[in-house]
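One-letter residues, chain by chain:
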Amino acid sequence: MKKRLVRLSVCALALAAGACQPRTRTKVVTVTVPAPPAANGAELVEFKKETFGTPLPLGLADPSCAMRSDSQALQGLAVQSAWFGFQDTQEETISITTRILDARTFERELTNKTDMRYTVQGERQELRLCDAPAPADSMEAIGLQLKKAVEDSFAFYQIVQNSAPQLELPVMPAVGLGLFPQYKKDVKRVEQIIRMDGTKSQNATQTVTIGTDNAFYSPFADDTLSPSIYNISVIPQSVEARQQGLYNGKGLWEFPVVIHHEYGHHVFQQLFGDSTVVSFQAYLDYWQSHRGLHSIHGSLGLQDRSDNPETRRERHAFLSSPGRIFGALNEGFSDLFAHYSLNEAKGLFDISCFQETRDVLSPVMYGGLPKVWNEDLWRETFDITMRMGLDTVNKSEVSPLELCSVPSFDDIHVVGAVLAHTVDSVFQTTVVARREGLTPTLHKAGLLMQWLQTLRATDEVLELSSKQTLSRILNTALGTALTALGDHDKMEYCSVVQQKFPVILARWKEKPAEDAADILEACPRVS
């Protein structure tokens, strides 16, 4: 056996769903490999380690607390329990055969791909509290911050539930909280090459990816993050993120809007998660095998930007499917829930990597692109080739802070951010019709729930294309607002429809939409 150095370039694109942390330098690791394969098919085995941040350790302030009689579990009406001390590992094996037919032609075939498995490494322990105050960077302090944000979100949901009894909103089940050292993805890839003369060789690569700087929600009963079915989990801050000023140099749990957003996913799941629409179920299946899909910040994951043609095909299929639009709806709903549950305060997303793009009140995204459903944005949303634009950026010339801020339309969070802003804009026109004693924010939060309920009911038996799905989502939001206005003046409403939804108006003009008839009647000039 002999040693050789493998130079690995690290992720320098916007944060990915696997909690990818941008880095500015190349990491060099030493790997051990056998001699080059001979013609008789000897195997070359190569191991790579990619890391997107060095996790800052999260320690216990009082390790003896769990053994003391005065210890208390971190739980409550909204929180089932909090767990730490373990690592969630995603494992996958891919086998590919390449047949060389002639000097110019070859065939590639995916011969085996195991289902992704999630396993726990390390002992899972319940986070418990004693009387001593906990330092700000301890797991106890972080757990308390998470618990407060979840309880505040839950309390807001209860207020909305009580203020809108006609919606018959369901009781919200408790969630588990997961604090764990790192999120690891372990992919084993076996490549067999069959040459024209019949000789074979085989390469095996194992890539281990460590994730940092993210938070995500999971609704899957087989999740390993905690004993709860529903979980909100945080991944540690990295040394690099703090040095580069990402997220203002702080851990994401320090921003209440992050956890309120994750709780918004929990509300979405209870209101919409039982949809029988085939394309929605396909989206849930994709989410279950790509757990980081709804991380607080990310696109579809570093693995989905792979040069592997099979992986790229899978990614392309999802990007082209209605499932991606359901994912964007989930993100937009969660941004709005966080915005309303924090009383629409300004600067909620005044966090580096989120600024402007994720701010519901901002009319533009980072870089100045307007949040308007016009032809340009519609094309950005659905043109696969345009969404690959960021992949061609010369990353060595752009700072990590810039890269994590630039919106990319293959990211469901970006499409969701446009949904959140435009839907809030039209909901805002209805506050004049709110019930006496109801604040504008609470009124709009009720419309948010009603919008989702209406979508859930009307789409139950329908199968639509991606563009039709997004049109239905927007039409239903406009219809929800129009119904709320009742007999009130609709001049401001019609103005917002024209300003924020011009491509929808063009689609109505080209092909009248059945669910838009009332809107066209109320706003005859906009058509």
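For the structure, see preceding data.
Residues numbered from 1 in each chain as written. Predicted model: local features only at pLDDT ≥ 70, side-chain atom pairs only at ≥ 80, totals over all residues. Heavy atoms only, no water.

Trainee: Is there a simple way to think about a nonpolar patch on the surface in this case?
Mentor: Together, Ile100, Phe106 and Met196 give the surface a local cluster of nonpolar side chains, amounting to about 310 Å² of exposed area. For Met196, the position within the fold is in the loop between β12 (183-194) and β13 (200-211). Take Met196: its relative accessible area is 56%, and that puts it in the exposed class. (Patch = residues over 30% accessible without salt bridge, like charges linked within 9 Å, V, L, I, M, F, W, Y side chains within 5 Å. Areas by Shrake-Rupley, 256 points an atom, 1.4 Å probe, with all protein chains shown as cover. Salt bridge = Lys/Arg side-chain N within 4 Å of Asp/Glu carboxyl O. Helix = DSSP H or I, 4+ residues; strand = E, 2+ residues; numbered from the N terminus. Buried < 20%, exposed > 50% of the residue type's maximum accessible area, 1.4 Å probe, protein only.)

Trainee: Whenever I open this one, the state of the cysteines confuses me. Can you help?
Mentor: In protein structure, a disulfide is the covalent linkage between the sulfur atoms of two cysteines. Here the structure, examined in full by the defined rule, presents three disulfides. Note that Cys65 is cross-linked by a disulfide to Cys130, the S-S spacing being 2.2 Å. Disulfide Cys65 to Cys130: torsion about the S-S bond roughly 100°, handedness right-handed. Within this pair, whereas Cys65 is found in the loop between β3 (43-51) and β4 (72-73), its partner Cys130 is found in the loop between β10 (128-129) and α1 (139-163), the two being separated by 65 residues in sequence. (Disulfide = S-S within 2.5 Å.)

Trainee: Just to check I follow, could you spell out helix α12 (residues 491-500) for this structure?
Mentor: Three or more residues of α12 are buried, namely Tyr493, Cys494, Val496, Val497 and Lys500. An end-on view of α12 places all buried positions within 160° of arc, on one side of the element. More than 90 degrees from the buried face of α12, the exposed residues found are Met491 and Gln499. Check the buried side of α12 and you find it contacts α9 (412-428), α11 (466-485), α13 (502-510) and α14 (517-522). (Arc of directions from axis to C-beta. Contact = heavy atoms within 4.5 Å.)

Trainee: Help me out: how do you make sense of unusual backbone geometry in this one?
Mentor: Where the residue is not glycine, phi is negative for most of them; where a peptide bond is considered, it is trans in most cases. Although it is not a glycine, Asn248 adopts a positive phi angle of roughly 60°. Relative to the helices and strands, Asn248 resides in the loop between α2 (239-244) and α3 (256-272). Phi angles above zero are rare outside glycine, and Cys353 is one such case at about 90°. Locating Cys353 in the fold gives a position in the loop between α6 (322-341) and α7 (375-382).

Trainee: Is there a simple way to explain the packing of α6 against α11 in this structure?
Mentor: When two helices pack together, their arrangement is given by the angle between the helix axes and the distance between those axes. The geometry of α6 relative to α11 is characterised by a closest axis approach of 8 Å and an angle of 25° between their N-to-C directions. The pairing of α6 with α11 is recorded here as roughly parallel in orientation. As for the relative orientation of α6 and α11, their crossing is right-handed in sense. Residues Pro322, Ile325, Phe326 and Leu329 of α6 lie in contact with α11, whose contacting residues are Ser466, Thr469, Leu470 and Ile473. For the contact of α6 with α11, the per-class residue count stands at six nonpolar, two polar and no charged. (Axes fitted to C-alpha atoms, helices over the stretch in contact; angles between N-to-C directions. Parallel < 35°, antiparallel > 145°, perpendicular 65-115°, else oblique. Left-handed = near helix turned anticlockwise from the far one by under 90°. Nonpolar A, V, L, I, M, F, W, Y, C, P; charged D, E, K, R; others polar.)

Trainee: Just to check I follow, could you spell out empty space enclosed by the protein for this structure?
Mentor: It is a probe the size of a water molecule, rolled over the atoms, that shows where empty space is left. Summed over all chains, the structure comprises four cavities of 30 Å³ or more. In this structure, the second largest cavity occupies an estimated 50 Å³ of space. As for the second largest cavity, its lining consists of Val257, His339, Ala345, Gly347, Leu348, Phe349, Arg358, Asp359 and Val360. (1 Å grid on protein atoms, 1.4 Å probe; cavity = no way out; pocket = protein on both sides within 12 Å on 5 of 7 lines; lining within 4 Å. Points joined across faces, edges and corners; volume = space filled by probe spheres on them.)

Trainee: How should the layout of surface pockets be read in this particular structure?
Mentor: One number sums up the size of the second largest pocket: a volume of about 520 Å³. Taken together, 17 residues line the second largest pocket, and the ones lying closest to its centre are Gln468, Ser471, Arg507, Lys511 and Ala513. In terms of residue count, α13 provides more of the lining of the second largest pocket than any other element does, five residues in total.

Trainee: I tried to follow the pairing of strand β15 (residues 231-235) on my own but got confused; where do I start?
Mentor: Successive side chains on a regular strand alternate, one facing one side of the sheet and the next facing the other. The buried fraction of β15 is high, at five of five residues. Side chains Asn231, Ser233 and Ile235 project from β15 onto one buried face, and the interleaved Ile232 and Val234 project onto a second face that is buried too. In terms of strand pairing, strand β11 (residues 175-179) meets β15 through four bridges, oriented parallel. Across the sheet, the residue bridging to Leu179 is Val234, located in β15. Relative to β15, strand β14 (residues 214-218) is paired through five bridges, and the arrangement is antiparallel. By the bridge assignment for β15, Asn214 is matched with Ile235. (Pairing = 2+ DSSP bridges.)

Trainee: Even after reading the chapter, I still don't get α3, so can you show me in this structure?
Mentor: Since one α-helical turn is 3.6 residues long, residues separated by three or four positions face the same way. Relative to the 24 Å expected for 17 residues at 1.5 Å per residue, α3 spans 24 Å between its end C-alpha atoms, a close match to the ideal helical length. Of all 17 residues in α3, 15 are buried; the element is thus mostly enclosed. (Expected span 1.5 Å × (residues − 1).)

Trainee: Explain the sheet that holds β15 to me, please; I cannot follow it from the model alone.
Mentor: Strands in a sheet are paired, the pairing made by backbone hydrogen bonds, and the direction either parallel or antiparallel. With mixed pairing, five strands are arranged side by side in an open sheet as β9-β5-β11-β15-β14. Of all strands in the sheet, those with a lone pairing partner are β9 (125-126) and β14, marking the two edges. The sheet contacts of α1 involve β5 (79-84), β11 and β15, and relative to β11 the element is tilted by about 150°.

Trainee: What exactly am I supposed to notice about the pattern of salt bridges here?
Mentor: One side chain can pair with another of opposite charge once the charged atoms of both are near each other. Applying the stated criterion across every chain, the model contains ten salt bridges. Between Arg456 and Asp274 there is a salt bridge, and its shortest N-O distance comes to 2.9 Å. Residue Arg456 is located in helix α10 (residues 440-458), and its partner Asp274 is located in the loop between α3 and α4 (278-289); the two are separated by 182 residues in the primary sequence. Connected through salt bridges with shared partners, the residues Asp62, Arg68 and Asp70 form a single ionic network.

Trainee: Looking at this structure, I do not really get the side chain of Ser341. What am I missing?
Mentor: Looking at where Ser341 falls in the secondary structure, it is placed in helix α6. Of the residues examined, Ser341 reaches a relative accessible area of 13% and is grouped as buried. From its side chain, Ser341 meets the backbone oxygen of Ala338 in a polar contact 3.2 Å long. In contact with Ser341, other than residues within four places in its own chain, are Phe156 and His260. (Polar contact = N/O pair within 3.5 Å; in protein donor to acceptor, adjacent residues only side chain to side chain.)

Trainee: Looking at this model, I keep getting lost on the packing of aromatic side chains. Mind explaining?
Mentor: Counted according to the given criterion, the structure contains 16 aromatic pairs. Between Trp373 and Trp378, the aromatic rings sit 6.1 Å apart at their centres with planes inclined by 80°, giving edge-to-face as the arrangement. Among the aromatic side chains, those forming a connected cluster through ring pairs are Tyr217, Phe268, Phe272, Phe280, Tyr283, Trp287, Phe326 and Phe333. (Phe/Tyr/Trp six-rings, centres within 6.5 Å; stacked < 30°, edge-to-face > 60°.)

Trainee: Could you clarify how one ought to interpret the side chain of His261 in this entry?
Mentor: Inspection of the secondary structure assignment puts His261 in helix α3. A polar side-chain atom of His261 sits 2.9 Å from a polar atom in the side chain of Glu331. With near-sequence residues (within four places) excluded, His261 lies in contact with Ile296, Glu331, Ser334, Asp335, Ala338 and Arg358.

Trainee: Could you clarify how one ought to interpret the environment of Trp378 in this entry?
Mentor: Position of Trp378 among the secondary structure elements: in helix α7. Taking the C-alpha atoms as reference, Trp378 lies 9.0 Å from Lys467; in sequence the two are 89 residues apart. If sequence neighbours within four positions are ignored, Trp378 has contacts with Trp373, Lys467, Leu470, Ser471, Leu474, Val503, Ile504 and Arg507.

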